[in-house]
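Overview (structure and organization)
Okay, here's what each chain looks like letter by letter:
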Amino acid sequence: MAKSTSKDAQALFHSLRSAYASTPTNLKIIDLYVGFAVFTALIQVVYMAVVGSFPFNSFLSGLLSCIGTAVLAVCLRIQVNKENKEFKDLAPERAFADFVLCNLVLHLVIMNFLG
């Protein structure tokens, strides 16, 4: 039973890897950016668990900045993806401009929350 589960997992991993190989480079860059933002959020949570959360609003600001940026980047990825038929009329430049504007608003709110 364990062999078939292991083979199924390997087959799934291989199929995902081969499907991701055909992904355009700009989407891979966005995926890397999302991964970095989530990794930074995890590092902040670990730091808070080890050291403490004395300025709690600073911790929340940093965490929400990372998570908010990751969410906005996922939205950018959805809009820029050519295979997504829902946003086929949206130019990639417009999607990037929306991403930059929303990031600006997000970080202005976060800076206001810091105090």
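- Under an unreviewed UniProt entry, the name given to the protein is Dolichyl-diphosphooligosaccharide--protein glycosyltransferase subunit DAD1, and the source organism is Carya illinoinensis.
- Check the Subunit (unreviewed entry) section of the UniProt entry for the protein; it says "Component of the oligosaccharyltransferase (OST) complex."
- Under Sequence similarities (unreviewed entry), UniProt gives the following word-for-word description of the protein: "Belongs to the DAD/OST2 family."

**Re the nonpolar core**
- Residues L27, I30, V34, A37, A70, L72, A73, L76, V80, A95 and F99 constitute the largest nonpolar core, which totals 11 residues.
- Sorting the residues of this core by element identifies α2 (25–51), α3 (56–80) and α4 (92–114) as the ones contributing at least two each.

**Let's talk about the pattern of salt bridges**
- All chains considered together, the criterion is met by two salt bridges.
- D31 is the salt-bridge partner of R77, the closest N and O atoms lying 2.5 Å from each other. One end of the pair, R77, is in helix α3; the other, D31, is in helix α2, and 46 residues separate them in sequence.
- As a salt-bridge pair, D98 and R94 come within 3.4 Å of each other at their nearest N and O atoms. Of this pair, D98 and R94 both sit in helix α4, separated by four residues, roughly a single helical turn.

**What to know about the side chain of S61**
- Along the chain, S61 falls in helix α3.
- From its side chain, S61 meets the backbone oxygen of N57 in a polar contact 2.8 Å long.
- Excluding anything up to four places from it in sequence, S61 contacts I110, F113 and L114.

**A look at α2**
- Taking 1.5 Å of rise per residue, 27 residues should cover 39 Å, and α2 covers 38 Å from first to last C-alpha, within 8% of that figure.
- Taken together, the buried positions of α2 are L27, I30, V34, A37 and A41.
- Considering only its buried residues, α2 is in contact with α3.
- Once α2 finishes, G52 follows within two positions and takes phi at roughly 120°, a positive value.

The rules we used
Within any chain, residue numbers begin from 1 and follow the written order of that chain's sequence. Thresholds applied to this predicted model are a pLDDT of at least 70 for local features of residues and 80 or more for the giving and counting of side-chain atom pairs; totals over whole chains, interfaces and linings are not thresholded and use all residues. The side-chain numbers reported here are obtained from all heavy atoms of the structure, hydrogens and water having been left aside. UniProt positions are given in the numbering used here, feature names are shortened, and annotations may be inferred rather than shown by experiment. Residues grouped as a nonpolar core are buried Ala, Val, Leu, Ile, Met, Phe, Trp, Tyr and Cys residues, joined through side-chain atoms within 4.5 Å. To sort residues, take the accessible area from a 1.4 Å probe on protein chains only and compare it with the maximum for the residue type: under 20% means buried, over 50% means exposed, and anything in between is partly exposed. Counting from the N terminus, the helices are DSSP H or I runs at least four residues long and the strands are E runs at least two residues long. Between Lys or Arg on one side and Asp or Glu on the other, a salt bridge is scored when a side-chain nitrogen of the former is within 4 Å of a carboxyl oxygen of the latter. Between N or O atoms, a polar contact is any pair within 3.5 Å; within protein, one atom must be a potential hydrogen donor and the other a potential acceptor, and residues adjacent in sequence are included only when both atoms are from side chains. Here a residue-residue contact requires only that any non-hydrogen atoms of the pair lie within 4.5 Å. For a helix, the expected span equals 1.5 Å multiplied by the number of residues minus one.

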